[in-house]
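Structure at a glance
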Amino acid sequence: MTAVAPHSQNDASPDAPQRVIIRTVGMKKIYHRGEETTYALRGISVEIFTGEFIVVMGPSGSGKSTFFNMIGALDSPSEGRVFIDEVDVAQLTAEELAFLRCRKIGYIFQSYNLIQYMTALENVTTPMAFGGVNPDEARKRGMDLLELVGLKDRWSHRPIEMSGGQQQRVAIARSLANQPSILLCDEPTANLDHQTGDEILAILQKLNKERGVTTICATHDHRMMNICDRLMWIRDGDIDRIARRDEVEVELGHIE
Amino acid sequence: MKKIDVQNQPVLPPRRVFQIALTGVKYRLFRATVTVAVIIVAMAFLMNILTESLIKRAVADSVREQIVDLHRVDRWIARLSMPQPHEDLLALLTNGEAEAEAWTELAARGGLAMKELEALQPQARAAQDALHFFAALDYGRRRVLVGPAESIQIFHRLQEAGAWEQFAANLTDMKTLRFPTDMDSFQAFLGDWPALYDALEGVREGQSAALAALRAQLGDTPLMGALGQVDGAFGDQIRAAGFSLSAAEADTLVSEVERLEQTLRIEATINNPGVRQKVAALRDVLPGDVTLSMIWDLLRDRDRAVWFIAAMQENGLETDRLTPEGLEALARQRAHTRLLQVAEQQTMGAGGGLMGIGARMTWLALVSMLVCAVGIANAMLMSVTERFREIATLKCLGALDAFIMSLFLIEACLLGLVGGLGGALAGFVLAGGRMALMFRGLLVQAFPWGDVAVAAGISVMLGMVLAAVSAVYPSLRAARLAPMEAMRIE
């Protein structure tokens, strides 16, 4: 284990003991296509702690997305293991996986992936419905979440009637529907203009600080460096480097 | 190692799933409309076939006796002109005691005892079965099996030297053919055939002798004219000649002949230039354009009938026994007769096959179902494939496979239901309208409401089932995929 002890300045309760929330052990993903064998991941072992804000960077094709899908329980590794909250994902049944995706993890995608035929509020309350929350309660919580992302007055709008930034904010509200302990963001600002991207980043930072949600972001956006605890570089399916933010800032200072 | 603390995901209540499916359909209304249209067209075709066939069958059932009555005079003229053909006699023999009068007549003509007739019955039945088999054969194969012979000549031909062996060998070669009986019993039947044939010939000779005597008594009087007085002496002569003729039948025949005779007289007026010109002037057309149906239309009005008789007298035509009331009744009767003739032609092939819609129609219906199954499957496949991203997203949010399946199944059933209902209605209106134009009054009493309701039910059910079945596979595939795989496929 080469995990660097996290800097806990952003944690909501600095005195709380650090706990590992995601742990991967020798995680590999191998694709076979005919004779050809592609190694998307070459055995990644990493630990992520509760309340951390981690940014994952790497060129496209580096295995960044694959890594993401593995720790988000959206795909299963060819070799190695993934533990979420110390639970081995590979041993879960389909129903238990659905439960995990529903309650423990919130997903935010580059292309928002809102359900086109639902209103903003319906989009936000859908995971609650899957989780068995009663409709009145879901509605109330949904409105609260929309207020949190500043879209309370647009609850009845369909995705097609909203701008990209607004859609991404609805997606964030949706990802928080069942109070997940992990937030997985796959290039959340890539499709947005500079200013809207700033707004989204502010929301993510606020969530991480105030609610203590463990946030993992894959991104090319360098602004992310300012708000994260740790940075992780992936290259050719392996971890290139993991560093705390303050260490990186020193290096950047050298380059400039 | 920590114990797994995740639980199973609750199942969404059906009402909620239905709501979500409905919102989805509403949002993609145009796409859904296209799918529904495919189902409507397919189901309308099916319903159209079913309804038309059912109506035809019902009409055929309700007018069968009237149609038989239609040919009463023709039948008697045929009966009194020549001996009955062998095939008819075979049919009579097979039907047996069901038609007691004909049966007695048969015995008397052939000079056969009842016991002998009964003994011939099984052979007559075998002969009929064989004749049906040969009649249903296509020309080429019949030619190979029995040469140019047709109907009962086939049995004679098979008596010839070597013919049987050749027939049996050829039949064995034609592996797809199934002869109604096994070869041994057919050979045994052929052995008995000369005796049966002799008996039939005996009956025919008896009929010929009786007919010859009748004709001698009739002298030069045409048969049709004589039948007009069949309630008198001629009727007695017919009975004396051994034909069964009840008094009631005789009375009906007389009025039928009278009506035929009057009809012929009215229809002959069209050849009279004077009458023709008067009708043309009344209808404001050229004399050359006057048609028979124009005249019959006129006669359905009492005042016009009076006017028409006057016109006939003016032009020196015989109006003996023609009354306005009679002509009006004749015109109305003729309209009904025309309907019956249409019904007779149209319902010729009715019956048999699925729900009595006829074998050919059953095939058409099955093929149409196949075509529509493919169409619906394609529409559903498209609709599922273009929503892979949505499915993946729903799975990320914690949807169970069962939820995704039921989402698509509900949508398919909904579209199938709407399409089935629309198709059933469209098919019913089309078929009902066409049949109403064809059969008019005959349809009112005979309309098969119950059967048509069943057909509509079948169409709706089938629309739903086809849509649901064709949605199962693609949605199952989509639901089983790992979320990220599904997103990548798009």
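Residues numbered from 1 in each chain as written. Chains lettered and ligands numbered in written order. Predicted model: local features only at pLDDT ≥ 70, side-chain atom pairs only at ≥ 80, totals over all residues. Heavy atoms only, no water.

**Notes on unusual backbone geometry**
Residues other than glycine predominantly adopt negative phi, and peptide bonds predominantly adopt the trans conformation. Let me state the cut-off plainly: Only protein chains enter the accessibility calculation, which uses a 1.4 Å probe; a residue whose area is less than 20% of its type maximum is buried, one above 50% is exposed, and one in between is partly exposed. Strands are runs of DSSP state E lasting at least 2 residues, helices are runs of H or I lasting at least 4, and numbering of each runs from the N terminus.
In this structure, Glu86(A) takes a positive phi of about 65° despite not being glycine. The exposure class assigned to Glu86(A) is partly exposed, which follows from its relative accessible area of 23%. Backbone geometry at Asp284(B) places phi at a positive 60°, although glycine is not the residue there. As for its placement among the helices and strands, Asp284(B) is situated in the loop between helix 14 (273-283) and helix 15 (292-299). For Asp284(B), a relative accessible area of 69% gives the class exposed.

**Quick word on the interface of chain A and chain B**
Rules: Pairs of residues are marked as contacts when any of their non-hydrogen atoms sit within 4.5 Å. As used here, buried area is the combined drop in accessible area, with a 1.4 Å probe, of two parts when they are placed together. In the sections that follow, a salt bridge refers to a side-chain nitrogen of Lys or Arg positioned within 4 Å of a carboxyl oxygen of Asp or Glu.
Residue-level contacts link 39 residues of chain A with 36 residues of chain B. Between chain A and chain B, roughly 3,300 Å² of surface is buried when both sides are summed, and carbon and sulfur atoms account for 65% of that area. Interface area lost by chain A to chain B is led by Phe99(A), Tyr117(A) and Phe130(A), which between them contribute 25%. At the boundary of chain A with chain B, the tally comes to zero salt bridges.

**Comments concerning the confidence of the model for chain A**
Rules: Each residue carries a pLDDT score, the predictor's own confidence in it, on a scale running from 0 to 100.
In this model, chain A carries an average pLDDT of 85, and 90% of its residues clear a pLDDT of 70 or more. pLDDT under 50 marks residues 1-15 of chain A. Its contacts with residues more than four places away, or in other chains, come to 30 contacts.

**Examining the sheet that holds strand 6 (residues 105-108) of chain A**
All names here are of chain A. Where we set the bar: Note on pairing: DSSP must find at least two bridges between two strands before they are called paired. For helices, the axis comes from a line fit to the C-alpha atoms of the stretch in contact; other axes are also lines fit to C-alpha atoms, and the angle between any two N-to-C directions lies between 0 and 180 degrees.
As summarised here, the arrangement of the six strands in space is 6-7-8-3-9-10, forming an open sheet in which the pairing is mixed. Only two strands of the sheet have a single neighbouring strand rather than two, namely strand 6 and strand 10 (238-244). Along the sheet, successive strands turn relative to each other by an average axial angle of 15°, direction set aside. By the bridge criterion, four bridges tie strand 3 (residues 53-57) to strand 8 (residues 214-218) in an arrangement that is parallel. Bridged to Val56 within strand 8 is Ala218.

**Focus: the state of the cysteines**
This is how it is decided: Here, a disulfide means two cysteine sulfur atoms that sit within 2.5 Å of each other.
In total, this model carries zero disulfides over all chains according to the counting rule given. Counting only cysteine sulfurs, Cys396(B) is the nearest neighbor of Cys102(A), a cysteine outside any disulfide, at a range of 11 Å. Of the residues examined, Cys102(A) reaches a relative accessible area of 5% and is grouped as buried.

**Thoughts on the pattern of salt bridges**
All names here are of chain B. Across all of its chains, the model carries 34 salt bridges over all chains by this definition. With a closest N to O distance of 3.6 Å, Arg334 and Glu267 form a salt bridge. You can see Arg334 sitting in helix 17 (residues 324-346) and its partner Glu267 sitting in helix 13 (residues 247-268), a full 67 residues away along the chain. Owing to a relative accessible area of 17%, Arg334 belongs among the buried residues under this scheme. In the salt-bridge network here, residues are joined through shared partners; they are Arg28, Arg387, Glu390 and Glu411.

**Observations concerning the domain arrangement of chain B**
Reports often express the size of an interface as the amount of accessible area lost when the parts come together. Quick note on the threshold: Residue ranges for the domains originate in an automatic or database domain assignment.
We note that the domain assignment places domain 1 (14-67 + 351-488), domain 2 (81-242) and domain 3 (254-346) within chain B. In this structure, domain 1 of chain B and domain 2 of chain B have C-alpha centres spaced 51 Å apart.

**Concerning the sheet that holds strand 1 (residues 20-33) of chain A**
Residues and elements named next belong to chain A. As summarised here, the arrangement of the four strands in space is 2-1-4-5, forming an open sheet in which the pairing is antiparallel. If you trace the sheet from one side to the other, it starts and ends with strand 2 (36-49) and strand 5 (87-88), each paired once. Bridge count for strand 4 (residues 79-84) against strand 5 is two bridges, and the pairing is antiparallel. Its bridge partner being in strand 5, Phe83 is matched across the sheet by Asp88. Contacting strand 1, strand 2 and strand 4, helix 1 (residues 64-71) runs over the sheet at an angle of about 125° to strand 1.

**Focus: helix 16 (residues 302-314) of chain B**
All names here are of chain B. Counted only if it meets this: Working rule for helices: expected span equals 1.5 Å times residues minus one. This arc describes the spread of directions from the helix axis toward the C-beta atoms.
Between the first and last C-alpha of helix 16 there are 19 Å, a value that for 13 residues agrees with the 18 Å anticipated at 1.5 Å per step. Turning to helix 16, its buried residues number three or more, namely Ala305, Phe308, Ile309, Ala311 and Met312. Looking down the long axis of helix 16, one finds its buried residues gathered within 160° of arc, a one-sided arrangement. Turned more than 90 degrees from where helix 16 packs its buried face, Asp303 and Glu314 sit exposed. In this structure, the buried side of helix 16 is in contact with helix 13, helix 14, helix 15 and helix 17. Two residues or fewer after helix 16 comes Gly316, characterised by a positive phi angle close to 70°.

**Structural notes on the nonpolar core**
Residue and element names in this part refer to chain A. Rules: For our purposes a nonpolar core is just a set of buried Ala, Val, Leu, Ile, Met, Phe, Trp, Tyr and Cys residues, chained together by side-chain atoms within 4.5 Å.
Counting 40 residues, the largest nonpolar core has Phe53, Val55, Leu146, Val170, Ile172, Leu183 and Leu204 as the members making the most contacts within it. Looking at this core, the elements that each hand over two or more residues are strand 3, helix 3 (120-130), helix 4 (135-148), helix 5 (164-175), strand 7 (182-186) and helix 6 (194-211). With residues up to four places along the chain from it excluded, the contact list for Leu183 reads Gly106, Ile108, Ser175, Leu176, Leu204, Leu207, Val213, Thr214, Thr215 and Ile216.

**Overview of a nonpolar patch on the surface**
Residues and elements named next belong to chain B. Heads up, the rule is: To count toward a patch, a residue needs a relative accessible area above 30% and no salt bridge. Like charges then connect within 9 Å, nonpolar side chains (Val, Leu, Ile, Met, Phe, Trp, Tyr) within 5 Å. In short, Shrake-Rupley with a 1.4 Å probe defines the accessible areas, and a residue's cover is counted only from the protein chains shown.
A cluster of nonpolar side chains, contributed by Trp363, Leu366, Val367 and Val371, occupies part of the molecular surface with about 430 Å² of accessible area. Within the fold, Leu366 resides in helix 18 (residues 359-385). Its relative accessible area of 42% is what places Leu366 among the partly exposed residues.

**A closer look at the packing of helix 1 (residues 14-27) of chain B against helix 20 (residues 401-439) of chain B**
Residue and element names in this part refer to chain B. Quick note on the threshold: Any angle that falls under 35 degrees is termed roughly parallel, while one over 145 is termed roughly antiparallel, one within 65 to 115 roughly perpendicular, and all others oblique. Here a crossing is taken to be left-handed if its near helix is turned anticlockwise relative to the far helix by less than a right angle, and right-handed if that turn runs clockwise. Side-chain classes are defined by residue name, with Ala, Val, Leu, Ile, Met, Phe, Trp, Tyr, Cys and Pro counting as nonpolar, Asp, Glu, Lys and Arg as charged, and the others, Gly among them, as polar.
Across the interface, helix 1 lies against helix 20 with an axial gap of 9 Å and an inter-helix angle of 60°. Between helix 1 and helix 20, the interaxial angle falls into the category oblique. Relative to helix 20, helix 1 is oriented so that their crossing is right-handed. Of the residues in helix 20, those in contact with Val17, Phe18, Ile20, Ala21, Leu22 and Val25 of helix 1 are Phe403, Ser406, Leu407, Ile410, Glu411, Leu414 and Leu415. Its residues assigned to classes, the contact of helix 1 with helix 20 comprises 11 nonpolar, one polar and one charged.

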